[in-house]
Amino acid sequence: EAGVAQSPRYKIIEKRQSVAFWCNPISGHATLYWYQQILGQGPKLLIQFQNNGVVDDSQLPKDRFSAERLKGVDSTLKIQPAKLEDSAVYLCASRPSPLHFGNGTRLTVT
Amino acid sequence: RKEVEQDPGPFNVPEGATVAFNCTYSNSASQSFFWYRQDCRKEPKLLMSVYSSGNEDGRFTAQLNRASQYISLLIRDSKLSDSATYLCVVKTGNQFYFGTGTSLTVIP
C-alpha cells in the first residue's frame, strides 16, 4: 500500500512570502489532517478534513493559513504571508485509525 | 491545561537497560491511546496501541490506567536502535492529541 505522499520535502522562503504544501493521502482514507511540528514539540493539529469538508480548523491561524481538499482526495495547505515563527515541519496524516503520516515538509522562514 | 503531558527527558540509558516513559491525559472522555516513535528528521510512526488490559509487543509493554488517566511504555533490554523520540497520543472524539515526546538515547 502506498503511503501518504507530501511535497516538497524542504522549502526555504523569506518572511512575508507565500508557500504551498501538497498532500495525497492513502487511497480510500476519507479523513485527512494537517499538523505543524515545531522543533522539540509534538505535532499540533491545524485542520482536519472529512472527505472535502472541514471538520475542525479551530487551531488554524486563518489570517495567514488556508487549506483545501476540493475533491476529497489530495489537499493543499498555504501560508500567506509567512512569518519567522512558521518555521516548522508540516505533516499530513490520514486514517482510518491509527494515523498514517507523510514524511513532512520542512519549512524554514528567514 | 494541555491535553497530553509527557516528561521530555532526555533519557540516556545503557544497552540492555529497562526504561519506562509515562504520560498523562486531561480528558476522561478520551477513548483510544497510542505510542508513536519518531526518529530524527522523520515522521512519527505507530509503535503500538494501548489497551485497557495492557499489551505487550516483544520488548515493549504498554499500560493504561483510566482511573488515573495515565499511560506508560516500558522498554526492556534496550537496543541502540531504540534511540528515538517516543510520542504519547490520545484520541478524543475525532482528534488525536500529541505529547511533546520523550527523547531516548541508548548508549553502547
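Residues numbered from 1 in each chain as written. Chains lettered and ligands numbered in written order. Predicted model: local features only at pLDDT ≥ 70, side-chain atom pairs only at ≥ 80, totals over all residues. Heavy atoms only, no water.

Participant: Provide a residue-level description of the overall build of chain A, including the pertinent values.
Facilitator: The number of helices and strands found in chain A is zero helices and 11 strands. Taking 110 residues into account, the globule formula puts the C-alpha radius of gyration at 13 Å, and chain A, at 13 Å, falls close to it. Split into buried and exposed, the 110 residues of chain A put 45% on the buried side. For chain A, the proportion of contacts with a sequence separation of at least 24, taken over those separated by at least 6, is 50%. If you average the places of the 13 positive and of the 9 negative side-chain charges in chain A, the two averages end up 3 Å apart. (Helix = DSSP H or I, 4+ residues; strand = E, 2+ residues; numbered from the N terminus. Rg over C-alpha atoms; globule rule 2.2 N^0.38 Å. Buried < 20%, exposed > 50% of the residue type's maximum accessible area, 1.4 Å probe, protein only. Contact = heavy atoms within 4.5 Å. Lys, Arg positive; Asp, Glu negative; His and termini not counted. Charge placed at Lys NZ, Arg CZ, Asp CG, Glu CD.)

Participant: Now, about the sheet that holds strand β6 (residues 55–57) of chain B: what can you tell me, with residues and values included?
Facilitator: Residues and elements named next belong to chain B. Ordered by their spatial adjacency, five strands build an open sheet running β1-β3-β8-β7-β6, and the pairing between neighbours is antiparallel. Here the strands that pair on one side only, and so sit at the sheet edges, are β1 (4–6) and β6. Ignoring strand direction, the axes of neighbouring strands in this sheet form an average angle of 20°. Pairing geometry for β6 and strand β7 (residues 60–65), over three bridges, is antiparallel. Of the residues in β7, the one forming a bridge with Asp57 is Phe60. (Pairing = 2+ DSSP bridges. Axes fitted to C-alpha atoms, helices over the stretch in contact; angles between N-to-C directions.)

Participant: Outline the interface of chain A and chain B, supporting the account with residue identities and numerical values.
Facilitator: With 21 residues of chain A in contact, the opposing surface of chain B contributes 15 residues. At the boundary of chain A and chain B, one finds zero salt bridges. The dominant element in the side of chain A that touches chain B, judged by the number of residues it contributes, is strand β4 (residues 31–37) of chain A, at three residues. When the residues that make up the side of chain A that touches chain B are grouped by side-chain class, the tally is nine nonpolar, eight polar and four charged. (Salt bridge = Lys/Arg side-chain N within 4 Å of Asp/Glu carboxyl O. Nonpolar A, V, L, I, M, F, W, Y, C, P; charged D, E, K, R; others polar.)

Participant: Break down the pattern of salt bridges for me, with residues and values.
Facilitator: All names here are of chain B. A full pass over the atoms with the stated rule returns six salt bridges over all chains. Here Asp39 and Arg37 are joined by a salt bridge, their closest N and O atoms 2.8 Å apart. Lys79 serves as the salt-bridge partner of Asp77, at 2.9 Å between the closest nitrogen and oxygen. Exposure remark for Lys79: the relative accessible area of 33% places this residue in the partly exposed category.

Participant: Break down the environment of Ala20 of chain A for me, citing the residues and quoting the values.
Facilitator: All names here are of chain A. Relative to the helices and strands, Ala20 is located in strand β3 (residues 19–24). Exposure remark for Ala20: the relative accessible area of 42% places this residue in the partly exposed category. Spatially, the C-alpha atom of Ala20 lies 18 Å from that of Gly72, the residues being 52 residues apart in sequence. Ignoring any residue separated from it by four or fewer positions in sequence, one finds Ala20 in contact with Pro8, Leu77 and Lys78.

Participant: Please provide a residue-by-residue account of the environment of Asn24 of chain A, values included.
Facilitator: Residues and elements named next belong to chain A. Within the secondary structure layout, Asn24 lies in strand β3. Taking C-alpha positions, Asn24 is 18 Å from Val55, a pair spaced 31 residues apart along the chain. Asn24 has contacts with Gly3, Val4, Ala5, Val73 and Asp74, leaving out every residue within four places of it along the chain.

Participant: Please provide a residue-by-residue account of the state of the cysteines, values included.
Facilitator: Counted under the stated rule, the structure contains two disulfides over all chains. Two residues share a disulfide in this structure: Cys23 of chain A and Cys92 of chain A, whose sulfurs sit 1.9 Å from each other. The sign of the S-S torsion, about -65°, decides the handedness of the disulfide formed by Cys23 of chain A and Cys92 of chain A: left-handed. Taken together, the positions of Cys23 of chain A in strand β3 and Cys92 of chain A in strand β9 (residues 88–95) put the pair 69 residues apart, joining distant regions of the chain. Judged by relative accessible area, Cys23 of chain A falls into the buried class, the value being 0%. Looking at Cys92 of chain A, the relative accessible area reads 0%, which means it is buried. The disulfide that involves Cys23 of chain B links it to Cys88 of chain B, with 2.0 Å between the sulfurs. A torsion of -75° about the S-S bond marks the disulfide between Cys23 of chain B and Cys88 of chain B as left-handed. One end of the pair, Cys23 of chain B, is in strand β3 (residues 19–25); the other, Cys88 of chain B, is in strand β9 (residues 84–92), with 65 residues separating them in the sequence. (Disulfide = S-S within 2.5 Å.)

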